[in-house]
Amino acid sequence: MSDNANKRRSGYFYIPDLSWFTEGNPYIVSENTYNFILKPGDEDITATVWYGMKCFALSEPVCDRSAPKDDAGLTELAEFVDHEYEMYNEKLKSGEVKGRRTYKTSDKNAG
């Protein structure tokens, strides 16, 4: 196992190990209204980020990035989705994006 495989990939999200993707499985994560999918191709994995309550197929992507389908590429994509999550949280705080509705009436950023 390479050094990259032993690194903590994401500071925010569980990311499965490389074997998940080499078997052709996509991986989808949702946190509040921040969402991303890691989708393997023949030679690479693509991370696509979107906001909102709708599924991937019905949403507009915010951004995406591809990396080789190896441990280093998976680590790169984990860093990418972490960075995008930090950007999302800033947008959430400023009101640029809306969060999920909650039972708290004081949540000014809820949809």
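Please refer to the structure higher up on the page.
For clarity, every value in this text was computed on a predicted model and none was experimentally measured.

Each value, and the rule that gives it
Residues numbered from 1 in each chain as written. Predicted model: local features only at pLDDT ≥ 70, side-chain atom pairs only at ≥ 80, totals over all residues. Heavy atoms only, no water. Helix = DSSP H or I, 4+ residues; strand = E, 2+ residues; numbered from the N terminus. Buried < 20%, exposed > 50% of the residue type's maximum accessible area, 1.4 Å probe, protein only. Contact = heavy atoms within 4.5 Å. Expected span 1.5 Å × (residues − 1). Polar contact = N/O pair within 3.5 Å; in protein donor to acceptor, adjacent residues only side chain to side chain.

1. Here we look at the overall build of the protein chain
Part 1 of the reasoning: On a plain count of helices and strands, the protein chain comes out with three helices and four strands.
Part 2 of the reasoning: Moving toward the C terminus, one meets the helices and strands of the protein chain in the order α-α-β-β-β-β-α.
Part 3 of the reasoning: Every one of the 111 residues in the protein chain was classed for burial, and the buried ones make up 38%.
Part 4 of the reasoning: Long-range contacts, defined here as pairs at least 24 residues apart, represent 39% of the contacts in the protein chain between residues at least 6 apart.

2. Observations concerning helix H3 (residues 71–94)
Part 1 of the reasoning: With 24 residues, H3 should reach 34 Å at 1.5 Å per residue; the first-to-last C-alpha distance of 35 Å fits that figure.
Part 2 of the reasoning: Between the side-chain oxygen at the start of H3 and the backbone nitrogen of Ala72 there is a gap of 3.3 Å, and the oxygen is on Asp70.
Part 3 of the reasoning: Positive phi appears at Gly95, one or two residues downstream of H3, with a value of about 90°.

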